[in-house]
Amino acid sequence: MKGTIFISLQEFVEQNHGYEVWDGVIESTHLASNGIYTSTKNYPDEELFALVGALSSKLNVTAPNLVRLFGEFLFPVLLPFAPPDAKNAPSLRAFLLMVDEVIHVEVKKLYTDSNLPEFDYDEQNDNELIMIYRSPRKLCHLSEGLIQGAAKHFNQPIEISQPKCMHMGADDCHIKVIFND
């Protein structure tokens, strides 16, 4: 996983819980990187999972909720790197439909070693979209948070749920987004 994710996680924790919490978690997890990250370098996924587990315990919040909140925080960090078509999307729905075939394609061009999730879409109607998430990392909760961050950016009220989830034994996750007006 790219260092920029770890750097953003550090900023998220420090802004919301203080430097002491981040430093304590770094000390307690005994990471190979020692908690020192470079934005473009890859780090083992296990480091992220170790940090999330330690933070979840320290902050007394479930890992899925912590990862969702982090995803929401992460969206405005990543948006400036999105291709112009995505940055200028006319709506949240249009933006979400660009994730797999526009945004991730451009990320792969820049970082050929990226390990991105795959998305398929089930367009129920104009007010509902199901994003079918597939990734061995099972970071569907991060995707939920990123979607919430995108909804804030587009000033679009939404409801989000996951009727199917890999964490519950499904083969993929179905992230259901209902667009409220």
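As shown above, the structure is provided for reference.
The model shown is predicted, which means the values in this text are computed figures rather than measured ones.

Asker: It is not clear to me how the packing of helix α1 (residues 3-17) against helix α3 (residues 45-59) should be interpreted in this structure. Could you clarify?
Answerer: For any two helices packed against each other, the geometry is given by the interaxial angle and the distance between the axes. One way to put it is that α1 packs onto α3 with a least axis distance of 11 Å and a crossing angle of 10 degrees. In terms of their interaxial angle, α1 and α3 are classed as roughly parallel. Contact with α1, carried on its side by F6, L9, V13 and H17, involves E47, L48, L51, L55 and L59 of α3 and no other residues of that element. Grouping the constituent residues of the contact of α1 with α3 by class yields seven nonpolar, one polar and one charged.

Asker: I would appreciate a short explanation of the pairing of strand β1 (residues 118-125) in the present structure.
Answerer: Each regular strand shows side chains that alternate between the opposite faces of the sheet. Note: β1 against strand β2 (residues 128-134), six bridges, orientation antiparallel. Note that in β2 the partner of Y121 across the bridge is M131. The loop that links β1 with its antiparallel partner β2 comprises two residues.

Asker: Would you take a moment to explain the nonpolar core for this structure?
Answerer: Nonpolar side chains tend to gather and get buried jointly when the protein is soluble and globular. Among the nonpolar cores identified, the biggest contains 52 residues, and L9, L51, F95 and L96 are the most heavily contacted of them. Once you skip the residues sitting within four places of it in the chain, L96 turns out to touch Y121, L129, M131, I147, V177 and F179.

Asker: How do you make sense of the packing of aromatic side chains when you look at a structure like this?
Answerer: The geometry of two aromatic rings is summed up by the distance between their centres and the angle between their planes. By the definition in use, this model includes eight aromatic pairs. Between Y37 and Y43 the ring centres are 4.8 Å apart and the planes differ by 85 degrees, which places this aromatic pair in the edge-to-face class. Put simply, the rings of F6, Y37 and Y43 touch in pairs and so form one group of aromatic residues.

Cut-offs and rules
- Residues numbered from 1 in each chain as written.
- Predicted model: local features only at pLDDT ≥ 70, side-chain atom pairs only at ≥ 80, totals over all residues.
- Heavy atoms only, no water.
- Axes fitted to C-alpha atoms, helices over the stretch in contact; angles between N-to-C directions.
- Helix = DSSP H or I, 4+ residues; strand = E, 2+ residues; numbered from the N terminus.
- Parallel < 35°, antiparallel > 145°, perpendicular 65-115°, else oblique.
- Contact = heavy atoms within 4.5 Å.
- Nonpolar A, V, L, I, M, F, W, Y, C, P; charged D, E, K, R; others polar.
- Pairing = 2+ DSSP bridges.
- Core = buried A, V, L, I, M, F, W, Y, C linked by side-chain atoms within 4.5 Å.
- Buried < 20%, exposed > 50% of the residue type's maximum accessible area, 1.4 Å probe, protein only.
- Phe/Tyr/Trp six-rings, centres within 6.5 Å; stacked < 30°, edge-to-face > 60°.

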